[in-house]
Amino acid sequence: ITETSISVTNESQTFHWTGYGLKLHIPSASLPAGVGPSDIVIKASLTGRFQFPENTTLVSAIFWLQCPVRFTKPVTLEIQHCGKHSGPLSFIHAKHSQKDLPYQFKPLEGPRAVFSSDYRYGNVTL
């Protein structure tokens, strides 16, 4: 596991974790009123005690985001995939606060999680 952190303000920000295939887009005025800068901790892993849905093949690192505040506007993650797939790609997720291991991953469905076949990044709106 490797990690980094960024300080989020109420200005529009884009963070690109070079080498790990993660981009984070935070729109302006995303922090709750009266909240100053907040640190987001981002962790990346390729291995761990994980349980995936059947027929799952990882095509990127697994990322954890820890933020002490809830954003008031949607934040977008772009995650680079490194696999050649003929079928559709999708996102899976697990709760970071899960107390029992292994982490139980489930499909993330709906319009907030999109992979485009002609783009190396998938988008997740949080």
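As the structure is a computational prediction, the values presented were derived from the model and not from experiment. (Residues numbered from 1 in each chain as written. Predicted model: local features only at pLDDT ≥ 70, side-chain atom pairs only at ≥ 80, totals over all residues. Heavy atoms only, no water.)

Glancing now at the layout of surface pockets. Space inside the largest pocket adds up to approximately 1,400 Å³. As for the largest pocket, its lining consists of 45 residues, of which Ile 92, His 93, Ala 94, Leu 108 and Leu 126 are closest to the centre. Listed by contribution, the elements that provide at least two residues to the lining of the largest pocket are β6 (62-66), β7 (76-80), β8 (91-93) and β10 (106-108). Sort the elements by how many residues they give to the lining of the largest pocket and β6 lands first, with 5 residues. In terms of residue class, the lining of the largest pocket is built from 30 nonpolar, 11 polar and 4 charged. (1 Å grid on protein atoms, 1.4 Å probe; cavity = no way out; pocket = protein on both sides within 12 Å on 5 of 7 lines; lining within 4 Å. Points joined across faces, edges and corners; volume = space filled by probe spheres on them. Helix = DSSP H or I, 4+ residues; strand = E, 2+ residues; numbered from the N terminus. Nonpolar A, V, L, I, M, F, W, Y, C, P; charged D, E, K, R; others polar.)

On a regular strand, one side chain projects to one face of the sheet and the next to the other, so that they alternate. Burial analysis of strand β3 (residues 22-26) places 4 of its 5 residues in the buried class, the great majority of the element. Note: strand β2 (residues 13-17) against β3, 5 bridges, orientation antiparallel. When the sheet's bridge partners are listed, Thr 14 is paired in β3 with His 25. Hairpin connection between β2 and β3: a loop of 4 residues separates the two successive antiparallel strands, and Gly 19 in this loop has a positive phi of roughly 95 degrees. Judged from the 4 bridges that link them, β3 and β7 form a sheet pairing that is antiparallel. Directly across from Leu 22, in β7, lies its bridge partner Ile 79. (Buried < 20%, exposed > 50% of the residue type's maximum accessible area, 1.4 Å probe, protein only. Pairing = 2+ DSSP bridges.)

With that settled, the discussion passes to the environment of Thr 4. Structurally, Thr 4 can be placed in strand β1 (residues 2-8). Owing to a relative accessible area of 22%, Thr 4 belongs among the partly exposed residues under this scheme. Note: C-alpha distance between Thr 4 and His 81 (77 residues apart in sequence) is 20 Å. Contacts of Thr 4, omitting those with residues within four sequence positions, involve Phe 15, Trp 17, Ile 40, Val 41 and Ile 42. (Contact = heavy atoms within 4.5 Å.)

Going through the model one piece at a time under the given rule, you end up with 8 aromatic pairs. Judged by centre distance (5.6 Å) and plane angle (90 degrees), the ring pair of Phe 50 and Phe 105 falls under edge-to-face. Taken together, the residues span a long stretch of sequence, with Phe 50 in strand β5 (residues 50-51) and Phe 105 in the loop between β9 (103-104) and β10 at a distance of 55 residues. Residues Phe 50 and Phe 105 agree in their burial class; the two are buried. Grouping aromatic residues by their ring pairs yields a cluster made of Phe 50, Phe 52, Trp 64, Tyr 103 and Phe 105. It is Lys 23 that lies over the ring of Tyr 121; its NZ or CZ is 4.4 Å from the centre. (Phe/Tyr/Trp six-rings, centres within 6.5 Å; stacked < 30°, edge-to-face > 60°. Lys NZ or Arg CZ within 6 Å of the ring centre and 35° of its normal.)

Attention now goes to the nonpolar core. With 21 residues, the main nonpolar core has Leu 24, Ile 42 and Phe 63 as its most contacted residues. When contributions to this core are tallied by element, the ones reaching two or more residues are β1, β2, β3, β4 (38-45), β7 and β11 (113-115). The residues contacting Phe 63, other than those within four sequence positions of it, are Trp 17, Tyr 20, Gly 21, Leu 22, Ile 42, Lys 43, Ala 44 and Ile 79. With 5 residues, the next largest nonpolar core counts Phe 50, Ile 62, Trp 64 and Phe 105 among its residues. (Core = buried A, V, L, I, M, F, W, Y, C linked by side-chain atoms within 4.5 Å.)

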